[in-house]
Amino acid sequence: MTLSELNMKAEALFRHPVPVSTVKMDAPMYTPEQARFDRVVKLTSQVLKVPVVNLSLVDNDHLWLKHTVGMQPSVVSRAGSCCGYVAQQDGYLEIPDLRVSRHRFNSVFGANGNEMRFYAGYPVHDARGRTIGSFCIMDDTPRVLSAQEREWMFDLKEIAEGQLHSVELSQLKHDMEHALVESKRDGVTDALTGVWNRKGILHILEQKLNVSERTGETLGVVYADIDHFKRINDTYGHAIGDEVLVQVADRIRLMLRNYDALGRIGGEEFLVLVLDPAPNAAQRIAERIRQAIEQRPVATRAGDLMVSMSLGVAVRHDEQQQATSTALMAEADRCLYQAKNAGRNCVHGPELSA
Ligand SMILES: Nc1nc2c(ncn2[C@@H]2O[C@H](COP(=O)(O)OP(=O)(O)OP(=O)(O)O)[C@@H](O)[C@H]2O)c(=O)[nH]1
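Residues numbered from 1 in each chain as written. Predicted model: local features only at pLDDT ≥ 70, side-chain atom pairs only at ≥ 80, totals over all residues. Heavy atoms only, no water.

> Let's hear about the overall build of the protein chain: which residues, and what values?
Scanning the protein chain for helices and strands turns up 10 helices and 13 strands. Contacts spanning at least 24 positions in sequence make up 65% of the contacts within the protein chain whose residues lie at least 6 apart. A total of about 17600 Å² of accessible surface is found on the protein chain, and carbon and sulfur atoms cover 54% of it. (Helix = DSSP H or I, 4+ residues; strand = E, 2+ residues; numbered from the N terminus. Contact = heavy atoms within 4.5 Å. Areas by Shrake-Rupley, 256 points an atom, 1.4 Å probe, with all protein chains shown as cover.)

> Lay out helix α7 (residues 238–255) with the relevant residues and their values.
For α7, built from 18 residues, the straight-helix expectation of 26 Å at 1.5 Å per residue is met to within 8% by its first-to-last C-alpha distance of 26 Å. Turning to α7, its buried residues number three or more, namely I240, G241, E243, V244, L245, V248, A249, R251 and I252. (Expected span 1.5 Å × (residues − 1). Buried < 20%, exposed > 50% of the residue type's maximum accessible area, 1.4 Å probe, protein only.)

> Quick rundown of the site of the ligand? Include the residues and the values.
Not every one of the 16 residues close to the ligand is listed here, only the nearest: H228, F229, K230, N233 and D242. I226 is positioned such that a nitrogen or oxygen atom in its backbone is 3.1 Å from an oxygen atom of the ligand. About the coverage of the ligand: the protein hides 67% of its 670 Å² of free accessible area. Counting residues per element, the ones that place at least two in the shell around the ligand are β7 (218–226), α6 (229–236) and α7. Take the shell around the ligand: its biggest share by element is four residues, from α7. (Near = heavy atom within 4 Å. Polar contact = N/O pair within 3.5 Å; in protein donor to acceptor, adjacent residues only side chain to side chain.)

> Break down the pattern of salt bridges for me, with residues and values.
Pairing between side chains of opposite charge can happen when the charged atoms of each approach one another. The tally for this structure, following the rule as stated, stands at 19 salt bridges. Residues R130 and D126 are paired through a salt bridge, measuring 2.6 Å at the closest nitrogen-oxygen approach. If you follow the salt bridges from partner to partner, you end up with D139, R143 and E149 in one network. (Salt bridge = Lys/Arg side-chain N within 4 Å of Asp/Glu carboxyl O.)

> Give a description of the nonpolar core that names residues and reports values.
Grouped together as the largest cluster of nonpolar side chains are 31 residues, with contacts concentrated most on I226, V244, V248, I252, F270, I289 and M309. Contributions of two or more residues to this core are made by β7, α6, α7, β9 (269–276), α8 (281–295) and β12 (309–316). Not counting residues within four places of it along the chain, the set of residues in contact with M309 comprises A224, D225, I226, D227, V248, I252, F270, I289, R290, I293, N345 and C346. (Core = buried A, V, L, I, M, F, W, Y, C linked by side-chain atoms within 4.5 Å.)

> For the packing of helix α5 (residues 198–215) against helix α9 (residues 325–341), give the residues involved together with the corresponding values.
Following both chains from N to C, one finds α5 and α9 inclined at 110°, their axes separated by 10 Å at the closest point. Considering the angle they form, α5 stands roughly perpendicular to α9. The way α5 lies across α9 gives a crossing that is right-handed. Residues L202, L205, E206 and L209 of α5 form the contact with α9, whose own contacting residues are S325, L328 and M329. Taken together, the residues of the contact of α5 with α9 break down into five nonpolar, one polar and one charged. (Axes fitted to C-alpha atoms, helices over the stretch in contact; angles between N-to-C directions. Parallel < 35°, antiparallel > 145°, perpendicular 65-115°, else oblique. Left-handed = near helix turned anticlockwise from the far one by under 90°. Nonpolar A, V, L, I, M, F, W, Y, C, P; charged D, E, K, R; others polar.)

> Please provide a residue-by-residue account of the sheet that holds β12, values included.
Strands pair in a sheet through their backbones, by hydrogen bonds, and they do so in one of two ways: parallel or antiparallel. The mixed open sheet is built from five strands, whose spatial order is β8-β9-β7-β12-β13. What marks the edges here is a single partner per strand, and that holds for β8 (261–264) and β13 (347–348). Where β7 lies against β12, eight bridges are found, and the strand directions are antiparallel. Looking at the pairing, D225 lines up with S310 of β12. Docked against the sheet, α5 engages β7, β8, β9 and β12, running at close to 20° with respect to β9. (Pairing = 2+ DSSP bridges.)

> Please give an account of the sheet that holds strand β1 (residues 52–58) that cites residues and values.
The strand order across the open sheet built from six strands is β3-β2-β1-β6-β5-β4, with neighbouring strands paired in antiparallel fashion. Each edge of the open sheet is held by one strand with a lone partner, namely β3 (74–77) and β4 (93–95). Here the strands of the sheet are splayed against their neighbours by 25° on average, with no regard to which way each runs. Running at roughly 35° to strand β5 (residues 118–125), helix α4 (residues 147–188) makes contact with β1, β4, β5 and β6 (131–139) of the sheet.

> Outline the environment of N233, listing residues and values.
Topologically, N233 is positioned in helix α6. For the pair N233 and V244, spaced 11 residues apart in sequence, the C-alpha to C-alpha distance is 9.7 Å. N233 has contacts with H238 and G241, leaving out every residue within four places of it along the chain.

What follows is the structure, encoded as structure tokens:
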């Protein structure tokens, strides 16, 4: 095609604009710079011997020069830009000499200050086929691409688009995995306090029991129950009771290490699992929890409330190969019962209950 024929073709396209698809701002190119895209634009500049190559994103108003050779990465107005037009038309555009084109495209200058005369650009699509940008080359002297050069440019555009799709799909995979983990968590966490629910903590108890059997570490099970919680509910209402539950859970959490586990197994009952080589680790943690709760009042919308907890501790020692989760829970519950009978706000465990 001759220079004037190409200009006429571009002219015809311009007269029949197609609305550009709505581009989502979270499209995959809106990510930190990625070397793989920079490599494609650099290679394109070398293969086609042009000073400027841009991989851009386009939306209704703007053009983002994301990866560029010969220009500065930047955001410009889409109106009057060749790339905006390419995305709008969703087709290849080649303008041998921008100065003689009757289009009113904005003048473009390279980083070296030279005015760009030649332009060729392909639209770029996301994995679902939506137009999201353009891949273009520019030169400061007028020219026409040979069929071979146009083919190379198309191939390089395809490579860039393929890279884009792979970023997009890996993001999608990440989002799906995240959603899956979240949905799984939903089934095993307590909506009120955010700690494990009964099902979750009992599952973790089985796992920790297995580890304890294999490693010989002591597994401690702490049953922690808020004292006279019914009174709080009866006096201030259920909503205030809920506030207390949330804050008690937060305080217990602060007393634990990353590898300890906390669950709410009933109304005002919590279960803490402590796996540690030291046989008395669970008892020490239980005492720390007790102190953390009684130490200062819980601030609620009904005012500051004094709260205390009773705790029962059971441990699985190395020699007890047969200890089951049910037996450990029952033992911790028995110790908790003793702590309640002993006047509440105390810890009962193996040594203390003997
Ligand atoms: N606010 C609130 N209360 C709950 C929830 N689940 C259970 N409860 C209440 O917790 C209270 C538990 O009362 P009790 O089992 O009698 O125990 P307590 O009053 O703490 O007495 P002791 O354990 O003997 O010190 C009841 O009033 C339940 O209604 C909940 O999710 N939120």
